[in-house]
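Observations on the model geometry
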Amino acid sequence: MKSAARTLDLLETLAKAHQPLSHSDLALRTGIPKSSLTELLRTLEARHYIEPLGPHGGPFRLGRAARDLVAHGLDVQHIVACASPVMETLSAQAGYSSGLYVILGDVAERVHGVTAPQGLTMHEGVRAPLYACSMGKLHLAHLDAEALEAYLTRVELRPITPRSVRSVGELQRQLRQVRTEGVAFSQEEFTKGVVGFSAPIFNVHCRMVASIGLAVPTSGFEARKQTLTDMIKASAKAVSARLAASH
């Protein structure tokens with residue numbers, strides 16, 4: 001874990017500095033041996049977490065990847081703030097737990113959850129492959145043709161449950177259905193006994209930035225499917241409106 005600690009020490013030192021720092025300054029402030037520091041700087045520069053200002057390396061400052069990471073965190077916090085009261089109302093009215101999700105590469109991550117009484121516990125930080133969860137299918141359905149083809153080419157459809165999608169053809173069929181219906185479903189494909197379904201949240205530029213979802217026991221879903229679908233669509237629309245109003 002020493003390398004991880006050194007990486008964080010280095011990034012924190014650059015973040016707190018009022019000016020770019022040279023190799024020697026960084027070694028002095030962090031206590032990292034110069035030989036190890038050189039390798040660490042080279043790795044972080046290649047990943048764009050730091051950037052050198054001189055033509056031959058150094059002094060160094062935080063790079064665009066680090067700035068993008070901070071901006072993403074701030075964006076997520078803002079979406080959570082807009083969505084939280086709507087989710088509280090949704091879970092109270094529906095009687096089921098709700099979650100707010102964003103996309104990180106090829107997985108969907110729950111960044112906020114509201115646990116309904118006797119409902120599925122909605123821990124933050126839970127991640128699921130895009131093909132296995134409703135929020136992931138929403139994202140895939142909103143990709144352009146080139147990006148979707150790239151995903152379908154690289155993805156390995158590993159089963160999470162016995163009902164997980166096993167073929168690209170079936171996934172494409174489901175995505176066509178998502179585009180038609182405006183919501184996405186995961187029929188016990190990620191969690192046994194649970195239907196997950198989601199509706200998209202859009203920013204002011206009409207770009208999908210998140211989704212809001214419900215976790216419903218399979219046994220009680222079909223009887224309330226249309227009612228719950230109307231509720232989740234209205235909730236997603238309300239969050240989108242709050243985002244637009246706060247822009």
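Structure first, text after, so check above.
This structure is a prediction, so every number in the text was calculated from the model and none was measured.

Following both chains from N to C, one finds helix 2 (residues 23-30) and helix 3 (residues 34-46) inclined at 115 degrees, their axes separated by 10 Å at the closest point. Judged by the angle between their axes, helix 2 and helix 3 are roughly perpendicular. Two packed elements cross with a definite hand, and for helix 2 against helix 3 that hand is right-handed. Between helix 2 and helix 3, the residues in contact are His23, Ser24, Leu26 and Ala27 and Lys34, Leu37, Thr38 and Leu41, respectively.

In this section: the nonpolar core. The biggest cluster of nonpolar side chains holds 32 residues, and the ones touching the most others in it are Leu100, Phe197, Ile201, Leu214, Leu228 and Ile232. Taken together, the elements giving at least two residues each to this core come down to helix 4 (64-94), strand 3 (97-104), strand 4 (107-114), strand 7 (194-202), strand 8 (208-217) and helix 8 (221-245). A total of nine residues in this core trace back to one element, the largest contributor, which is helix 4. Residues Tyr101, Leu140, Leu148 and Val194 belong to the second largest nonpolar core, which totals 25 residues.

The six strands lie next to each other as 5-4-3-8-7-6, forming an open sheet whose pairing is antiparallel. In this open sheet, the two edge strands, each paired with only one partner strand, are strand 5 (127-129) and strand 6 (184-187). Strand after strand, the sheet turns through a mean of 30 degrees between neighbouring axes, direction not considered. Set on the sheet, helix 8 makes contact with strand 6, strand 7 and strand 8; between it and strand 7 the angle comes to about 25 degrees.

All right, on to the environment of Ser167 then. With respect to the helices and strands, Ser167 occurs in the loop between helix 6 (145-154) and helix 7 (168-181). Remark: the alpha-carbon pair of Ser167 and Leu157, spanning 10 residues in sequence, is separated by 7.0 Å. Only 3.1 Å separates the side chain of Ser167 from the backbone nitrogen of Glu170, close enough to count as a polar contact.

This part takes up the pairing of strand 7. Taken across its nine residues, strand 7 has eight buried, putting it largely inside the fold. In this sheet, strand 7 lies alongside strand 6 in antiparallel orientation, the contact comprising four bridges. The residue of strand 7 that forms the bridge with Ser186 is Gly196. With antiparallel pairing between neighbouring strands as the criterion, strand 6 and strand 7 make up a hairpin whose turn holds six residues, including Glu188 at a positive phi of roughly 60 degrees. By the bridge criterion, nine bridges tie strand 7 to strand 8 in an arrangement that is antiparallel. Paired with Ala199 across the strands is Ile212, a residue of strand 8.

Calculation rules
- Residues numbered from 1 in each chain as written.
- Predicted model: local features only at pLDDT ≥ 70, side-chain atom pairs only at ≥ 80, totals over all residues.
- Heavy atoms only, no water.
- Axes fitted to C-alpha atoms, helices over the stretch in contact; angles between N-to-C directions.
- Helix = DSSP H or I, 4+ residues; strand = E, 2+ residues; numbered from the N terminus.
- Parallel < 35°, antiparallel > 145°, perpendicular 65-115°, else oblique.
- Left-handed = near helix turned anticlockwise from the far one by under 90°.
- Contact = heavy atoms within 4.5 Å.
- Core = buried A, V, L, I, M, F, W, Y, C linked by side-chain atoms within 4.5 Å.
- Buried < 20%, exposed > 50% of the residue type's maximum accessible area, 1.4 Å probe, protein only.
- Pairing = 2+ DSSP bridges.
- Polar contact = N/O pair within 3.5 Å; in protein donor to acceptor, adjacent residues only side chain to side chain.

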